[in-house]
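Topology and contacts: notes
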Amino acid sequence: MAADMAVKARPVAVDPSYNWSGWYAGVNGGYSWGNSSGSLASFTTVGVADFGPAVAAGGTPSFLGAKHEGGFGGGQVGYNWQTNKWLFGLEADIQGADIGQTSTIVFPGVVGGIVPSVSTGRDHIDWFGTFRGRVGITANNVLFYGTGGLAYGGVRSSVTNVYTPLVSGNFAGSTSDTRVGWAAGAGIEWAFAPHWSVKGEYLHVDLGSSNVTMFDPVNFPTASATYRFHHQLDTVRVGVNYLFGGPVVAKY
């Protein structure tokens, strides 16, 4: 009888569950793409400072087509709270980036009208980061989540509109500042070991808009034209996290 009771008292393990609660930190890298940017917003239209004929002919483009393409990499830190299968969390990340390609537009000129020109536009993201909330549902050691919050980043934008000969116009302008906007997306994370996980994430980042005004102070000191760049990009990334909590706990 005592032996039977000892056998009955022995705990029997069932399927383990993963505990996502606690701090985590890691690294990530990814790629960005987005819609082209650089629309002509305004220009002077008085006397020799009149851009109207050049815009109408295409010598001064109405759209520069600067692309947000390139890679990035950095790190993240966050905290998770798990309640049953639901997870709530906060995450902050910072990325070094090389996002942005120079667009070049060649205008061959119009006989008896506007002389040839070459125009460039570039909208470059040097770095960016986010501070976001996460809400997800767990399936043991797999997490599906949505995320959204604040975004910020360093942006450099530039334009040129150079005519041949240069006395017909040599316009240039640039800006450099830190922008603030928003980010939202979704991801999946898999805990492949007691304290380690790997994740894949899509994130849309919008850092607002900047205006760049170009001038030619030598040949046309009263003339100017302004382009507007929208700093909007889509990103995909892969990351690895170390979870300071999150051991596998066996239930009895």
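Residues numbered from 1 in each chain as written. Predicted model: local features only at pLDDT ≥ 70, side-chain atom pairs only at ≥ 80, totals over all residues. Heavy atoms only, no water.

A look at a nonpolar patch on the surface
What counts here: Only residues above 30% relative accessible area that lack a salt bridge enter a patch, with like-charged residues linked at up to 9 Å and the nonpolar side chains Val, Leu, Ile, Met, Phe, Trp and Tyr linked at up to 5 Å. The method behind every accessible area is Shrake-Rupley, applied with a 1.4 Å probe, and residues are considered shielded solely by the protein chains displayed. For this document, the term salt bridge refers to a Lys or Arg side-chain nitrogen within 4 Å of an Asp or Glu carboxyl oxygen. Runs of H or I in DSSP of at least four residues are treated as helices and runs of E of at least two as strands, each being numbered from the N terminus.
Judged by side-chain polarity, Trp81, Trp86, Phe88, Leu90, Phe131, Val135, Ile137, Phe144, Leu150, Val180 and Ile188 come together as a nonpolar surface patch covering roughly 1000 Å² of accessible area. Among the secondary structure elements, those contributing two or more residues to the nonpolar patch are strand S5 (86-101), strand S7 (117-139), strand S8 (142-163) and strand S9 (170-193). Here Phe144 lies in strand S8.

Focus on the nonpolar core
As a reminder, the rule being used: Buried Ala, Val, Leu, Ile, Met, Phe, Trp, Tyr and Cys residues form a nonpolar core when they are joined through side-chain atoms within 4.5 Å. A 1.4 Å probe rolled over the protein chains alone gives each residue an accessible area, and that area as a share of the maximum for its type sets the label: buried under 20%, exposed over 50%, partly exposed in between.
Residues Phe51, Val159, Met214, Tyr227 and Phe229 are the most contacted members of the largest nonpolar core, which totals 14 residues. The set of elements that each furnish at least two residues to this core consists of strand S4 (63-83), strand S10 (196-216) and strand S11 (220-243). Counting residues in each nonpolar core, the second largest holds twelve residues, with Ala97, Ala151, Leu203 and Val205 among its members.

Some details on the pairing of S5
Our working definition: Here the rule is simple: two strands pair whenever DSSP picks up at least two bridges between them.
Here S4 pairs with S5 via 15 bridges, running antiparallel. Of the residues in S5, the one forming a bridge with Gly75 is Ile94. Between S4 and S5, which pair antiparallel and follow one another directly, the connecting turn spans two residues, one of which, Asn84, has a positive phi of 55°. Strand direction decides the pairing type here: S5 and S7, joined by twelve bridges, are antiparallel. Along S7, the bridge assignment pairs Ile99 with Ile125.

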